[in-house]
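Observations on the model geometry
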Amino acid sequence: MVEAKIIDGKAFAADLRSSVAEQVRQLKASDNLTPGLAVVLVGEDSASEIYVRNKNKMTLEAGMRSFEHNLPADTSQKELLTLIEGLNNDPEIHGILVQLPLPSQINEQNVLTKIDPSKDVDGFHVFNAGKLATGSDGLIPCTPLGCLMMIKDQLGDDIAGKNALVIGRSNIVGKPMAALLLRENCTVTIAHSKTVDLPAEIRRADILVAAVGRAQMVKGDWVKEGAVVIDVGMNRLPIDKEGESKLCGDVDFDEVKQIAGAITPVPGGVGPMTIACLLQNTVNAACAQNNLEIPKI
Ligand code: GUN
């Protein structure tokens, strides 16, 4: 049996970031426009802090402006909404991202709907979610967008008619991922915690996207031979005998790579693509706000 191709998300994301940097150079030269991204972090969640630091670094490396807002954990919803209103009205800012999760005193959905939809580079506003669901162009959530790019890189642009299974129904990944695959004319199934026979659903899938947050849940003998397997999971395994706590995905990588046609590793698969897509969304938002053509990638 031939082992799966390991999809190099790091290299894919580096290519996309350099394409974004080139688009930014052209926008500066031809339209005197520098895209700006504001990232808001409330509280001190350590994973979120690392993520936000990387976003800022890569925004600057792509030649864009980065505006970081670090608010204390006890920030009220009213204070956060006042900040968002200011960012909505600031012409130097083309993209706004509020890092999730937010502390419990703040209603996430309420905050997300106050972001100007044209600056909603996460694609989480109901307006952009509705556009995606109804098949019109809006800002698309970054992780599913990155997953789709990697799927098409393996299977070609035409994935119509493929059986696609998305495990997980979150607003951040599962639902928009399913909507994107449906827009590509795949036959889409969404599996979740109440799905009766998950292995049977997975065995039918030519394209599998796992986004449940359960370490190594998808086993080798559940997967269809030759399937493209995209692992969105980011789970920390308990500390091992060497005193290390390793990251792993929702897919049992060592087993599934024996069966699949292509598979993303964790880390180094989907993760790096999310930030690269965020940068692309920020350029797209800046273009749309200035009545410029959205770059073709
Ligand atoms: N937290 C985990 N992933 C994401 C993401 O893609 N966007 C935001 N805003 N918060 C997150």
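Computed from a prediction, not measured in an experiment: that's the story for all the values here.

Right, let's get into the side chain of Thr274. Assignment of secondary structure puts Thr274 in helix α10 (residues 270–289). Looking at Thr274, its side chain comes within polar contact range of the side chain of Thr143, at 2.9 Å. Once you skip the residues sitting within four places of it in the chain, Thr274 turns out to touch Tyr51, Cys142 and Thr143.

At a minimum axis distance of 8 Å, the contact between helix α6 (residues 142–155) and α10 shows a crossing angle of 110°. Considering the angle they form, α6 stands roughly perpendicular to α10. Along the contact surface, α6 presents Cys142, Thr143, Leu145, Gly146, Cys147, Met149 and Met150, while α10 presents Val270, Met273, Thr274, Cys277, Leu278 and Asn281. Of the residues assigned to the contact of α6 with α10, the class counts are nine nonpolar, four polar and no charged.

Another aspect to go through is the pairing of strand β2 (residues 36–42). Most of β2 is tucked away, with seven of its seven residues classed as buried. The side-chain alternation of β2 yields two buried faces, one formed by Gly36, Ala38, Val40 and Val42 and the other by Leu37, Val39 and Leu41. As paired strands, β2 and strand β3 (residues 65–71) are joined by seven bridges and run parallel to one another. Bridged to Leu41 within β3 is Asn70. In this fold, β2 hands off to helix α2 (residues 46–61), which returns the chain to β3; that crossover is right-handed. Taken together, the four bridges between β2 and strand β4 (residues 95–98) define a ladder with parallel strand orientation. Counted as the bridge partner of Leu37 is Gly95 from β4.

So, on to the nonpolar core. With 43 residues, the main nonpolar core has Ile151, Met177, Leu181, Ile230 and Met273 as its most contacted residues. Listing elements by their share of this core, those giving two or more residues are α1 (9–31), β2, α6, β5 (163–167), α7 (174–183), β7 (207–210), β8 (228–231) and α10. No other element matches α6, which puts seven residues into this core. If we skip the residues at most four places from it in the chain, Leu181 touches Leu148, Ile151, Ile159, Ala164, Val166, Cys186 and Val188. Core analysis: the second largest hydrophobic core is formed by 19 residues, Ala4, Ala191, Trp222 and Val256 among them.

With that settled, consider the site of the ligand. In the vicinity of the ligand, the contacting residues are Leu97, Val98, Gln99, Leu100, Asp122 and Phe124. At 3.3 Å from a nitrogen atom of the ligand is found a side-chain nitrogen or oxygen belonging to Gln99. Take Asp122: an N or O atom from its side chain is 2.6 Å from a nitrogen atom of the ligand. For the ligand, whose unbound accessible area comes to 280 Å², protein coverage reaches 82%.

Attention now moves to the sheet that holds β4. Within the open sheet, the three strands sit side by side as β3-β2-β4. Their pairing is parallel. Edge positions in the sheet fall to β3 and β4, since each of these pairs with one other strand and no more. Averaged over all neighbouring strand pairs, the angle between strand axes comes to 15°, with direction disregarded. Those strands touched by helix α3 (residues 77–89) are β2, β3 and β4, and its axis lies near 175° from that of β2.

Following Leu100, the chain continues to Pro101 via a peptide bond in cis, the omega torsion being 0°. Positionally, Pro101 belongs in the loop between β4 and α4 (108–112). Look at the link from Val266 to Pro267: it is a cis peptide, with omega at 0°. The phi torsion at Asn185 lies on the positive side, around 70°, for a residue other than glycine. Relative to the helices and strands, Asn185 is located in the loop between α7 and β6 (187–191). Residue classification places Asn185 among the exposed residues on the basis of a relative accessible area of 53%. One non-glycine residue, Asn291, lies in the positive phi region at around 55°. Judged by its relative accessible area of 73%, Asn291 is exposed.

Applying the stated criterion across every chain, the model contains eight salt bridges. Its salt-bridge partner being Glu61, residue Lys57 comes within 3.5 Å of it at the nearest N-O pair. Of this pair, Lys57 and Glu61 are both found in helix α2, four residues apart, which corresponds to roughly one turn of the helix. When the shortest N-O distance is used, the salt bridge between Lys257 and Asp254 registers 3.7 Å. For Lys257, a relative accessible area of 17% corresponds to the buried category.

Criteria and thresholds
- Residues numbered from 1 in each chain as written.
- Predicted model: local features only at pLDDT ≥ 70, side-chain atom pairs only at ≥ 80, totals over all residues.
- Heavy atoms only, no water.
- Helix = DSSP H or I, 4+ residues; strand = E, 2+ residues; numbered from the N terminus.
- Polar contact = N/O pair within 3.5 Å; in protein donor to acceptor, adjacent residues only side chain to side chain.
- Contact = heavy atoms within 4.5 Å.
- Axes fitted to C-alpha atoms, helices over the stretch in contact; angles between N-to-C directions.
- Parallel < 35°, antiparallel > 145°, perpendicular 65-115°, else oblique.
- Nonpolar A, V, L, I, M, F, W, Y, C, P; charged D, E, K, R; others polar.
- Buried < 20%, exposed > 50% of the residue type's maximum accessible area, 1.4 Å probe, protein only.
- Pairing = 2+ DSSP bridges.
- Right-handed = clockwise from strand over helix to strand, strands pointing away.
- Core = buried A, V, L, I, M, F, W, Y, C linked by side-chain atoms within 4.5 Å.
- Near = heavy atom within 4 Å.
- Areas by Shrake-Rupley, 256 points an atom, 1.4 Å probe, with all protein chains shown as cover.
- Salt bridge = Lys/Arg side-chain N within 4 Å of Asp/Glu carboxyl O.

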